[in-house]
Amino acid sequence: MTSLPEDPSSPVGDDARDTAVRRLQEAYADGHLSHEEMDEGLGQVLAARTYGELVPVLSSLPEERAGTASMITAAGGRIRRRGAWRVPRTLTIESAFGRVHLDLSQAVFDHPMTDIELRLGTGRARITVPRDAVVDIDDLRAGWKDTLYKAQRRPRPGGQRIRISGTMGFGRLKVRHARR
């Protein structure tokens, strides 16, 4: 939400509200807000009826950075990323059918938190995360097979946080930590 409508009394739409919530969450994940500030801001955003009520909340946040979201789509075939590639803050992977392999073990992260949203019809997905990464897969819905992930017993502090969400129709997600 880089620009607000000229009329601050116009009603807030769902897209604008979702964008404001995402910006608050990113500011919190990047360390710009305390937990209490984020909770207060979320309360104000969810209660806002007009764009004018969003202005005080959003004006205190840092500007949105370019390149914080990316989408990779394929109707079929393979989607593969590996090596030293730059991972955006939010990565959406969309495929009707085919395989997905993301190797994040040598990837470059500019943000302490990475959101990966999977929108897969059929086919399997495999994600290799850095050894010290903390992975959250609670928001992933799989229609056919369970997700395979074994969390590390003692993750090292300061590791990359990776949240995997979305939907998978027929297929399985396998997440593993890199060995080195």
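Quantities reported herein were computed from a predicted structural model and do not represent experimental measurements. (Residues numbered from 1 in each chain as written. Predicted model: local features only at pLDDT ≥ 70, side-chain atom pairs only at ≥ 80, totals over all residues. Heavy atoms only, no water.)

Novice: How would you explain the overall build of the chain if you had to name every residue and give the values?
Specialist: Check the secondary structure of the chain and you find three helices and twelve strands. When each of the 180 residues of the chain is scored for burial, the buried share is 37%. When the accessible area of the chain is evaluated, it comes to approximately 10700 Å², of which 47% is carbon and sulfur surface. Distance between charge centroids for the chain: 17 Å, based on 29 positive and 24 negative side chains. (Helix = DSSP H or I, 4+ residues; strand = E, 2+ residues; numbered from the N terminus. Buried < 20%, exposed > 50% of the residue type's maximum accessible area, 1.4 Å probe, protein only. Areas by Shrake-Rupley, 256 points an atom, 1.4 Å probe, with all protein chains shown as cover. Lys, Arg positive; Asp, Glu negative; His and termini not counted. Charge placed at Lys NZ, Arg CZ, Asp CG, Glu CD.)

Novice: I'd like a description of a positive patch on the surface, backed by residues and values.
Specialist: A contiguous patch of positive charge on the surface is contributed by Arg78, Arg80, Arg82, Arg99, Arg124, Arg126, Lys174, Arg176 and Arg179. Broken down by secondary-structure element, the contributors of at least two residues to the positive patch are strand E2 (78-81) and strand E12 (173-177). Residue placement: arginine 82 occurs in the loop between E2 and strand E3 (86-87). (Patch = residues over 30% accessible without salt bridge, like charges linked within 9 Å, V, L, I, M, F, W, Y side chains within 5 Å. Salt bridge = Lys/Arg side-chain N within 4 Å of Asp/Glu carboxyl O.)

Novice: Any details on the confidence of the model for the chain? Residues and values, ideally.
Specialist: Mean pLDDT over the chain: 84, with 92% of residues reaching 70 or higher. Looking across the chain, the model is least confident in strand E10 (residues 148-149), with a mean pLDDT of 78, and most confident in strand E8 (residues 125-129), with 94. (pLDDT = per-residue confidence, 0-100.)

Novice: Quick rundown of the pattern of salt bridges? Include the residues and the values.
Specialist: This model, assessed by the stated rule, comprises five salt bridges. Ionic pairing is found between aspartate 115 and arginine 163, a salt bridge with its closest N-O pair at 2.5 Å. Note that aspartate 115 is positioned in strand E7 (residues 113-122) and arginine 163 in strand E11 (residues 161-170), a separation of 48 residues in sequence. A residue is classified by how much of its surface remains accessible, and arginine 163, at 23% relative accessible area, is partly exposed. As a salt-bridge pair, arginine 119 and glutamate 117 come within 3.1 Å of each other at their nearest N and O atoms. Arginine 119 gets classed as partly exposed once you look at its relative accessible area, which sits at 33%. On the accessibility criterion, glutamate 117 (27% relative accessible area) is partly exposed. Put simply, Arg89, Asp115 and Arg163 are held in one network by salt bridges that share partners.

Novice: Explain the sheet that holds strand E4 (residues 90-97) to me, using residue names and the numbers behind them.
Specialist: One open sheet accounts for five strands, arranged E1-E4-E7-E11-E9; its pairing is parallel. Edge positions in the open sheet fall to strand E1 (69-74) and strand E9 (134-142), since each of these has one partner strand only. Averaged over all adjacent pairs, the angle separating strand axes in this sheet is 10 degrees, with direction ignored. Relative to E7, E4 is paired through seven bridges, and the arrangement is parallel. Within the sheet, the bridge partner assigned to leucine 91 lies in E7 and is isoleucine 116. (Pairing = 2+ DSSP bridges. Axes fitted to C-alpha atoms, helices over the stretch in contact; angles between N-to-C directions.)

Novice: Lay out the nonpolar core with the relevant residues and their values.
Specialist: With 24 residues, the main nonpolar core has Ile93, Leu104, Leu118, Ile164 and Leu173 as its most contacted residues. Elements represented by at least two residues in this core include exactly E4, strand E5 (99-103), E7, E8, E9, E11 and E12. Contact partners of leucine 104, with chain neighbours within four places excluded, come to Trp85, Val87, Phe109, Ile116, Ile127, Thr128, Val129, Pro130 and Ile162. (Core = buried A, V, L, I, M, F, W, Y, C linked by side-chain atoms within 4.5 Å. Contact = heavy atoms within 4.5 Å.)

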